[in-house]
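Per-entry structural report
Residues per chain are reported as follows:
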Amino acid sequence: MASSAALTTTHLPRLREELEQWRMKQPLTAPFSSSLHDISCRTDVINPVEGQEKDVIVAFRTRPPLEHEAEEKFNTTVPSSVPFTHAIEAASKVDFCPGITLTSNEPGIFVAHVPGMKWSGPTLTHKKFESDIAFGPDVINDEVYQRTVVANHMIPLALSGGIACILAYGQTGSGKTYTMEALEYRVARDLFVAAETVGTQLLQSERKAADPAEISSSEYNAGVDVFEFSVTFLELLGKRAVDLLEPADGLSADNQGNLIRKEIAVHEDKNGDVRPRLISRKADSAEHLRDLIASALSYRRVSATARNATSSRSHALLNIRIKNKLIPFAEDGQLILVDLAGSERYEDSKGHDKQRMLESRENNNSLMHLKECVRAKAKMAQEDGFVHIPWRSNKLTMLLKPVFDVESRQASKTIIIAHVSPHLQDSTHSVSTLSYASPFKTSPPKPRGPAPFNAADPRTWNHEQTLNWLTKEYTTRALARRSHEGKVREEEAAAAEQAVPQVDPDEPLVLAVDVSKLCPEGMTARHFGAMNTVQFVQRCLECGNVGGDITPEVVKIDSAEVMGSLSFLILRAKTKARTRIMKSRKHVALDIYGKHSERCFSICVGR
């Protein structure tokens, strides 16, 4: 049976002895698999990484103990059953005793030491939890940023039209806000540098397609102007959402000094988007973005709890939307950074008033819904079939629809950083936190053999079939362009009362893109389907047949249309597969449980 924090403190000397004996038997901590120098060289990557990557990355982190923290936080009231000599020793001074041991940095392994009680006295149970990467108390914020955000190409993913999401989860007082604020400021610092690099590459691809002789590095000092950045900052307290960028002038405050803001509606519109009516601020520099973040964070709701004097009582969602002005028809990329409210057990919240109790219950409820969505997203990479993600079940998961929408064609990646307290007295809660996050860790999808050919499903096409489809698509657009040019010449000739110029029927048809270069040997539609529109258009510009009537703008328009057609085919194939799987599950339930199950099943899946 797990013991309370007070009882753990009472038996601390004996538990410390057991912990030291266990540690002496353990091997050295496994290091990180790559150096920070190697990781820092990856900031300019914008092309998709070869092979399939994980959609969900799990990280563990524990902070160092603060000075006198153990003495101030943990109750040393000694039960009457404890011998007098032990009581005097426990009550005299509460020294720090670690409740978490890092045994491997990458892959990450935390061992939680859980104190308990048996008839023979106090015991210590060691529970192991695995993640993709783990950070001990000596790791600074900059290294956490490098090994999570930079190593997983989160900024380049957002700049290329994808969805990059970072979640900070854990017990109140475990260091979530400390980590997330550091990540937000570093993202603001590096975003514009990366935007200049990516924008320069896009401009060079376009200029090179137009005239390779004009390429000059001195021309490309305005790569950052390719992108437009807009920022929103939403706070979700229970079921109530407010805008942290709303001007504070004229707002009244509650009895705890928190501003009372207008509630923002969170719902799905007729187009299927969840876009609350928030104030969107343009950011034109790293300094401006940092100022916006700092201003919003200063208004975030906090209150004292048993574990933290300034506990964040709400979820804070920073959304940086990135629009590519060079390719305006491409999807907007998004960087979503979420500092989740601290989770609390009953032992931590039983002293709250009615309002605080309600907040804790709503926070824990939204975190449970988030867990189901993240687990389902992690499971999607492991299964061929359809996996239902219940993102409509809670306002928090609705706001994260771009991350969980199975019908979205934007690439997405999620990093969840689970934070745990370093104290032995908090180890029971640490186990809950690690048990919450550890199942999100999945193995990369195993390579599968070729699927049976289906002309309507690009995921089943081989290289030759992909090449033929691309050739057909670009030929269709080239013929349409030639037909349009012929009509224009006829109209011009008619206006000038001249004879219509004859077109040579044997004139070769020039496609906007050299398809053989675009789709080299070994590449299939599945590879193109993993690209964003920006990535595909940039690749097409590098393979464009620019000259005469074919300009870089023609290459961009044709390529965006081809990518849209491919994405539509893939989405339609996924939808048909999903419908088929759901019907088969429905029939199985009907055969086993009878007709009543059909109605129950329809309710469960929201049909």
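This write-up is about the structure you can find in this document. (Residues numbered from 1 in each chain as written. Predicted model: local features only at pLDDT ≥ 70, side-chain atom pairs only at ≥ 80, totals over all residues. Heavy atoms only, no water.)

What follows covers the sheet that holds strand β3 (residues 108-118). The strand order β2-β3-β4 describes an open sheet built from three strands, whose pairing is antiparallel. In this open sheet, the two strands that pair with only one neighbour each are β2 (100-104) and β4 (121-131). On average, adjacent strands in this sheet sit at an angle of 30° to one another, irrespective of strand direction. Of the strand pairs in this sheet, β3 and β4 are connected by eleven bridges, and their pairing is antiparallel. (Pairing = 2+ DSSP bridges. Helix = DSSP H or I, 4+ residues; strand = E, 2+ residues; numbered from the N terminus. Axes fitted to C-alpha atoms, helices over the stretch in contact; angles between N-to-C directions.)

The next point concerns the pattern of salt bridges. All told, the structure shown has 16 salt bridges when counted by the stated rule. A salt bridge links Lys128 to Glu130, with the shortest nitrogen-to-oxygen separation between them at 3.9 Å. Judged by relative accessible area, Glu130 falls into the partly exposed class, the value being 38%. Linking Asp558 and Arg481 is a salt bridge whose minimum nitrogen-to-oxygen distance equals 2.6 Å. Here Asp558 is found in helix α19 (residues 552-593), whereas its partner Arg481 is found in helix α15 (residues 463-495), with 77 residues between them in sequence. Given a relative accessible area of 6%, Asp558 falls into the buried group. Overlapping salt bridges bring together Asp142, Arg186, Arg189 and Asp190 as one network. (Salt bridge = Lys/Arg side-chain N within 4 Å of Asp/Glu carboxyl O. Buried < 20%, exposed > 50% of the residue type's maximum accessible area, 1.4 Å probe, protein only.)

Disulfide: a covalent bond formed between the sulfur atoms of two cysteine residues. Counting across every chain of the model gives zero disulfides. Among the cysteines around Cys540, which has no disulfide bond, Cys543 carries the closest sulfur, lying 6.8 Å off. Cys540 sits in the buried class, given a relative accessible area of 0%. (Disulfide = S-S within 2.5 Å.)

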